[in-house]
Amino acid sequence: MSRKWHSVSKACANIALAKYWGKVDVLLNLPAVPSISMTLDGLVTETKLRVDPSLDTDVVELDGRVATPAEAKRVVALLDDIRRRAKRKEFAHVVSANRFPTAAGLASSASGFAALAAAADRGYQLGASERVLSAVARQASASAARSIYGGFVELPAGKPGKKSLAAKPIAPADHWDLRIVVAQAAKGPKKVGSTEGMERSRHTSPFYDAWVEKAPAITKTIRTALKKRDLDTLGAAMEQSTMAFHSCAMTASPGILYWQPATIAALHTVRALRDDRGISVWATMDAGPHVKALCHADDARKVRRALRETPGVLETLVAAPGPGVSVR
Ligand code: ADP
C-alpha cells in the first residue's frame, strides 16, 4: 500500500478581538455570545492525513508523539463527522504539528481543528464548502470555526439546537495592517480549561447574564470600527470585552484567576504607552495569563520593546493578519 499522504493542510491560530466566553449548548458546542477575531500569520498548525483501509482504528499523532486518549477522542469525533457526511467508513492516520513559536501562549485548538477539518475533507473527498468546514471545526472548538478564514472573522452566537453554526469572514487580511504583540506572562498550561471555566462562570458568576446581554453591543462596536479602521474605538471595546469576560471568571465560585503578576504589569505597560506616549495600543487576554497588545504595524516595534522590558514578561512575539486554511 502506498504511504503517501492524501492531504496536507495548514491553518493559523486567531486572537479574539470581541471575546468568546460561555456556551448556550455544551453538547453542540454553541457559543452564547458572538465573537470577532483576527487570524494570525505565522502561528500555524500543519496536519497530514491518510485514509487507510488496513487500519482498524484511527491513529493520531500530535507534535511528534502518540495523542493522549482525550486528545484522540476530539480528533476522532471530527473525523466521524466528516466520514458521516462523506459516507465513508475507513479509518485514518493523522499526524499534526503545531508550529508555534514557544512564546505564543495561544490556543492551539483553533488552528488544530481548522487544519484537521480541511485535511479530513480532502482526505475523504467530501468537497465541503468553507462554511461547512467552519461548522464542523466549530463542533470541536468554537475558535476553530474562525480559523477556517483569513483576516477578520465573526462567529455569531448560537441558538440551542442550531447545529450548522459557522463563522463568516468580515474583511480580508490586507484590509488593515495591524499587529498583535504577544507578551508571555507565564510558562505551562492553564490550570482551568476553557470549557470548564465557561461552565463554572455560567452556573455561578453573578456577572454572567450581564456579560451575555452586553456582548452583542460590544461586538457590534468592534465590527463597525473594524470596517472603518478606527483602532481607538475598536481597542477600547476590545478591552471592555476582555475585562467583562475575565470578571465573569473571577466572580465564579470558586473564582478563576488566569492572571499572573506579569499580566498586570503588561496591562500597565500598554496603558502607559497610550497615556504617556500617545500610541494607539490596546490589550486583550484569553483564558490564560498572556497579554496580547493590538496596534498599528508601524508601532509594533515600540510596543514589543516596552513589553519585553516589563518585569515578569518572559518572551514576546509579533503576528500580522494571516491567511485562512489551505490544503494540498
Ligand atoms: P483551549 O481548550 O482553550 O482551546 P488549547 O488551545 O490549549 O486550549 O487546546 C488544546 C487542545 O486542543 C489539546 O489538548 C488538544 O486536544 C487539541 N489540539 C491542539 N492542537 C491540536 C492539533 N494540531 N490537532 C488536533 N487537536 C489539537
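Look up a bit, the structure's there.
Residues numbered from 1 in each chain as written. Predicted model: local features only at pLDDT ≥ 70, side-chain atom pairs only at ≥ 80, totals over all residues. Heavy atoms only, no water.

Visitor: Please explain the overall build of the protein as it appears in this structure.
Guide: Helix and strand content of the protein: nine helices and 14 strands. For 328 residues, the compact-globule formula gives about 20 Å, and the C-alpha radius of gyration of the protein, at 19 Å, lands near that figure. Seen through its C-alpha atoms, the protein measures out along the principal axes to roughly 65 × 40 × 35 Å. Counting all 328 residues of the protein, 55% fall into the buried class. Within the protein, counting contacts between residues at least 6 apart in sequence, those at least 24 apart form 76% of the total. Charge separation in the protein, taken as the distance between the mean sites of 47 positive and 31 negative side-chain charges, equals 2 Å. (Helix = DSSP H or I, 4+ residues; strand = E, 2+ residues; numbered from the N terminus. Rg over C-alpha atoms; globule rule 2.2 N^0.38 Å. Buried < 20%, exposed > 50% of the residue type's maximum accessible area, 1.4 Å probe, protein only. Contact = heavy atoms within 4.5 Å. Lys, Arg positive; Asp, Glu negative; His and termini not counted. Charge placed at Lys NZ, Arg CZ, Asp CG, Glu CD.)

Visitor: Please explain helix H3 (residues 130–140) as it appears in this structure.
Guide: Given 3.6 residues per helical turn, the α-helix brings residues three or four places apart onto the same face. Residues of H3 that are buried include every one of Leu133, Ser134, Ala135, Val136, Ala137, Arg138 and Ala140, and no others. In this structure, the buried residues of H3 make contact with strand S3 (30–31), helix H1 (69–86), helix H2 (108–123), helix H4 (142–147) and strand S8 (152–155).

Visitor: When you look at helix H6 (residues 208–228) in this model, what are you seeing that I'm missing?
Guide: For H6, with 21 residues, the first-to-last C-alpha span of 30 Å sits near the 30 Å given by 1.5 Å per residue. At Lys214, H6 shows its strongest bend, of approximately 35°, with the proline Pro216 following within four residues. Taken together, the buried positions of H6 are occupied by Tyr208, Trp211, Ala215, Ile218, Thr219, Ile222, Ala225 and Leu226. (Expected span 1.5 Å × (residues − 1). Bend = angle between axes of the 7 residues up to and from the residue.)

Visitor: Please clarify how the site of the ligand should be interpreted in this entry.
Guide: Around the ligand sit 14 residues, and of these Ser96, Ser108, Ser109, Lys190 and Ser194 come closest. Interatomic distance of 2.3 Å between a side-chain N/O atom of Ser109 and an oxygen atom of the ligand. In the environment of the ligand, an oxygen atom lies 2.8 Å from a nitrogen or oxygen atom belonging to the side chain of Lys190. Protein contact buries 78% of the 570 Å² of open area that the ligand shows by itself. When residues of the shell around the ligand are traced back to their parent elements, those giving at least two are H1, strand S7 (92–99) and H2. Tallying contributions element by element places H2 first for the shell around the ligand, with four residues. (Near = heavy atom within 4 Å. Polar contact = N/O pair within 3.5 Å; in protein donor to acceptor, adjacent residues only side chain to side chain. Areas by Shrake-Rupley, 256 points an atom, 1.4 Å probe, with all protein chains shown as cover.)

Visitor: So what exactly am I meant to see when it comes to the packing of H1 against H2 here?
Guide: Each pair of packed helices gets described by two things: the angle between the helix axes and the distance between those axes. The contact between H1 and H2 brings their axes to 10 Å, and the two run at 35°. In this structure, the crossing between H1 and H2 has a hand that is right-handed. Taking contact as the criterion, the partners of Arg74, Val75, Leu78, Leu79 and Ile82 in H1 are, on H2, Ser109, Phe113, Leu116, Ala117, Ala120 and Asp121. (Axes fitted to C-alpha atoms, helices over the stretch in contact; angles between N-to-C directions. Left-handed = near helix turned anticlockwise from the far one by under 90°.)

Visitor: Please explain the nonpolar core as it appears in this structure.
Guide: General note: in soluble globular proteins, nonpolar side chains tend to be found buried as a group. Trp21, Leu78 and Val303 are the most contacted members of the largest nonpolar core, which totals 74 residues. Here this core gathers at least three residues from each of two domains, domain 1 (7–175) and domain 2 (178–319). Apart from the residues within four sequence positions on either side, Leu78 is in contact with Phe113, Leu116, Ala117, Ala120, Val136, Ala137 and Ala140. With 28 residues, the next largest nonpolar core counts Met38, Leu40, Ile180 and Ala237 among its residues. (Core = buried A, V, L, I, M, F, W, Y, C linked by side-chain atoms within 4.5 Å. Domains from an automatic or database assignment.)

Visitor: Please explain the sheet that holds strand S12 (residues 291–296) as it appears in this structure.
Guide: Taken together, four strands build an open sheet; the order of strands is S11-S12-S10-S13 and the sheet is antiparallel. Both outer strands of the open sheet, strand S11 (281–284) and strand S13 (315–319), are each paired with one neighbouring strand and no more. For this sheet the average axis-to-axis angle between neighbouring strands, irrespective of direction, equals 25°. By the bridge criterion, five bridges tie strand S10 (residues 178–184) to S13 in an arrangement that is antiparallel. By the bridge assignment, Ala183 is partnered in S13 with Thr316. Running over the sheet, helix H8 (residues 261–277) touches S11 and S12 and is turned about 160° from S11. (Pairing = 2+ DSSP bridges.)

Visitor: For this particular structure, what's the right way to read the pattern of salt bridges?
Guide: If charged atoms from side chains of opposite charge come close, those side chains can pair. Scanning all chains against the criterion turns up 16 salt bridges. Linking Arg85 and Asp81 is a salt bridge whose minimum nitrogen-to-oxygen distance equals 2.9 Å. With Arg85 and Asp81 both in helix H1 and four residues apart, the pair spans about one turn of that helix. Under the relative-accessibility criterion, Arg85 is labelled partly exposed at 40%. Using a relative accessible area of 11% as the deciding quantity, one classes Asp81 as buried. The partner of Glu239 in a salt bridge is Arg271, with the nearest N and O atoms 3.8 Å apart. Taken together, the residues Glu239 in helix H7 (residues 231–250) and Arg271 in helix H8 connect sequence positions 32 residues apart. What makes Glu239 buried here is its relative accessible area of 10%. Exposure remark for Arg271: the relative accessible area of 38% places this residue in the partly exposed category. What emerges from the salt-bridge pattern is a single network uniting Lys19, Asp286 and Lys292. (Salt bridge = Lys/Arg side-chain N within 4 Å of Asp/Glu carboxyl O.)

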